[in-house]
Each structure stands twice: as structure tokens, then as C-alpha cells.
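# Breakdown of the fold
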Amino acid sequence: MRRALLAWYRRWARDLPWRRTRDPYRIWVSEIMLQQTRVETVLPYYERFLAAFPTVRALAASSPASVLRCWQGLGYYTRARNLHRAAQTIVAQRGGRLPESAAEWRNLPGVGRYTANAIASIAAGEAVPVVDGNVQRVLARLFAIRACIDDSATQTRLWQLAEMLLARRAAGAFNQALMELGARICTARRPSCTVCPLRSQCRARAEGLQERLPVRRSKRPPRQVELVAAWVRHAGRLLLVRRPAAGLLAGLWTLPGTEVRDGQPPARVLRASLRQALGIEAEVGERIGLVRHAFSHRRWVVHVYACRLSPRRRPVRAAANMRWVDRAQLGEYALAAVDRKLLALAR
DNA sequence: AAGGCGTGGAA
DNA sequence: TTTCCAAGCCT
């Protein structure tokens, strides 16, 4: 099995930038970006990030805002904050020397069992297994595991299997090969069994179960939330506010606004929110659009209104989490994808 | 154990 | 349009 898999990988592995280096810093950055994120999505971010922060020292010396700007649009923003924090810890406590074992990597924020083992096996050849979504699927099929993949007992078994199968003298290549197989051949839907290097050893295929495995727990549908946002311009500038430091899209910038409880009139809620949260007296004008956005765990419907400051209450002094922004300066503010949609409405 | 935490592509 | 999901981690 190892021989077939490694031979397949040598022949078919995609040429990816993080496969062209053994620099632990670069491997680390790639693994963090790849958490729950597709290769094609990561590629441009990876190149930009390493151009901006080519070493762990450069990353540690940068500002949180600049790291977040580089990450904007990639999602799961805690990853960026953890990466930055970890870089500062590495410089402050280890003189910039990166961890050298999976156990050491595991101590860094944002580095769990999968990521620690991935980095250590790929960058240093340490003989430790990985189990990610790909490996779960490949092993569940290879061994025809019908138990729910989310059960902790099943997880334990998958890690044991990955450990048992591991090609210990080529751990990095083996781990990547298993994941590559899951990404390219043993896909979630319509796996390409006829060209799979493990087809003769796959129990799911022998039993015709490959399309039905693995079995996952069904997730309950995301909660729907209605919001209202304000497009406030004054003297050629647009009002932005910074989201709270914790929670959804923490630390990113957005249009001012708030949640609308069911049945409430959006325009009135918005006017009250601007006054109470920001001390701004504004007239809420026409609705310039409706934006729908889906997160992993909730769905937003955002009403966007054009607003103008009440004439006698100007000028407005910006609080710490509030900025009047020139169009030319917009690039200095990290925005989530949902807020790109909001801004695109009124251009 | 289960839910918070993003996004975009595929079916 | 909706659903599922992709190189997970943290609480």
C-alpha cells in the first residue's frame, strides 16, 4: 500500500509552492492557511503573505492590522491572529528559532494535532501521522468504516490506522500523498476509483460503498439573522467602524449597523443604533440594497440604507473604533467578504 | 460533545 | 436556491 501510494504521489503530485521548500516557516504558514480552506483559494494569499512577511522575524515585527489586511477575504481570522502571536512568542522566547518537533509545534496557538504533525513530518521528516478531512475519507473507504466519522472512538481509530500505515522513513511524502489522494482521486463525490492506486485494496470499493462513506453527523441548519447597515457619507468620506475584538469577523472593519429583531422597522432600528452606539444623529434615506451572505454557522440578510448626517449635529469626531475614510484609503482597512459586498452596493 | 468560527466552488 | 464541504482549532 505504501509503495503504490508513494509511487502514485511521485508521478501525480501537484506542483505547489509549499512543496518546493522545506523551510519550516513556509510550511507552517501554508498549513495554517490550508485549515478548512481549498488549495486554489490559498495560493494567491500564500504568495502575498510571504512577500509581505518573508521570515518569522518579519512577521513578529509587523502590526496586527497589517497581518489582518493580508488575510482579509480568506476567512477564519483567528488563524491570522494566532499566527502573528505565535511568531512574536517564537522571537521573544526562542530568539526566532522555530520549533523542531511536533510536540513543540503543538504548543503554539492555532497548531493542533493535525497541523503539528503535518509541519514536523513535512519539514523535518518526523515519523508522525496526520488525519485531516481527506485522510478521514480515504481511510474510512479503505477500511469500510461505517461508524460515524465524528465519533471520538472513530477518530481514535483513524489516528491509529494512520500511525500504522505511515511510511516512517518518508513520513512527509506519505502524509501528503494520503491527503493528495483524498483531494484528487478519493473525492467526497464521485471518486475516481478506476485510476486509484489503492483500488485493489479498498474495502469500500469491493463492497460498492465508496459513494456512501464516510458517514457524517448531519449538522443543523444555520440560524438566519436580519441586519441593517448604514452608508454614511460626509465631506466625501465614508463612515467605517471596527468590529469587536472577539467573535465573528473580530477586528475587521464594516459599515455601522446592527441586528434587526423580527418585525422591527429596519430604518428606525438603524437610526437608533447610530445614535446610541456612535453618538451620531443621522437621517436614514433610501434603501440602496439587500445583501445576503452565508457563513458556516449562520446566514445574514443585510438591508443597506443611504444616510446623511443631521445638519445641526456636524461635525462628528471619530471615536477609537470609528473612521471617516477616503475612497483612496479604503485599502488600509481589513474587510471581510460580506463587507466587500456591502461596499460594492454604493459605488 | 458540540458549536463558534469564513469563504467560495460544485452539484 | 440550497446544501455540502475543504490540508482544523478552541472552548
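Above this text is the structure in question.
So, here is what we can say about the structure in this document.

Reading the values: rules and limits
Residues numbered from 1 in each chain as written. Chains lettered and ligands numbered in written order. Predicted model: local features only at pLDDT ≥ 70, side-chain atom pairs only at ≥ 80, totals over all residues. Heavy atoms only, no water. Near = heavy atom within 4 Å. Polar contact = N/O pair within 3.5 Å; in protein donor to acceptor, adjacent residues only side chain to side chain. Helix = DSSP H or I, 4+ residues; strand = E, 2+ residues; numbered from the N terminus. Nonpolar A, V, L, I, M, F, W, Y, C, P; charged D, E, K, R; others polar. 1 Å grid on protein atoms, 1.4 Å probe; cavity = no way out; pocket = protein on both sides within 12 Å on 5 of 7 lines; lining within 4 Å. Points joined across faces, edges and corners; volume = space filled by probe spheres on them.

What follows concerns the protein's contact with DNA strand C. With respect to spatial proximity, 24 residues lie near DNA strand C, and among them Gln36, Gly110, Thr115, Asp132 and Asn134 are the closest. When the atoms of DNA strand C within 4 Å of the protein are sorted by group, sugar and phosphate make up 67%. Glu31 places a side-chain nitrogen or oxygen 3.5 Å from a base nitrogen of DNA strand C. One of the backbone nitrogen or oxygen atoms of Gln36 is found 2.6 Å away from a phosphate oxygen of DNA strand C. Going through the elements one at a time, helix H2 (24-34), helix H8 (113-124) and helix H9 (133-142) are the ones with two or more residues in the surface near DNA strand C.

Another point: unusual backbone geometry. In this structure, Pro214 follows Leu213 across a cis peptide bond, with omega equal to 0°. Tracing the sequence through the fold places Pro214 in the loop between helix H12 (203-206) and strand S1 (223-234). Although it is not a glycine, Leu249 sits at a positive phi angle of roughly 55°. Tracing the backbone shows Leu249 in the loop between strand S2 (237-242) and strand S3 (253-254).

The next subject is the protein's contact with DNA strand B. Near DNA strand B you find 22 residues, and of these Gln36, Tyr77, Leu249, His297 and Ala337 are the closest. Arg38 is positioned such that a nitrogen or oxygen atom in its side chain is 3.2 Å from a base nitrogen of DNA strand B. Side-chain polar atom of Arg298 to a phosphate oxygen of DNA strand B: 3.4 Å apart, as the coordinates give it. Residues that form the surface near DNA strand B fall into these classes: 9 nonpolar, 9 polar and 4 charged.

Before going further, it helps to examine empty space enclosed by the protein. The tally for this structure, following the rule as stated, stands at 3 cavities of 30 Å³ or more. Along the walls of the largest cavity sit 14 residues, with Arg141, Cys186, Cys193, Cys196 and Cys202 positioned nearest its centre. Taken together, the residues of the lining of the largest cavity break down into 10 nonpolar, 1 polar and 3 charged. In this structure, the second largest cavity occupies an estimated 70 Å³ of space. Along the walls of the second largest cavity sit Trp231, Arg233, Gly236, Leu238, Val325, Asp326, Arg327 and Leu330, which together make up its complete lining. Split by residue class, the lining of the second largest cavity holds 4 nonpolar, 1 polar and 3 charged.

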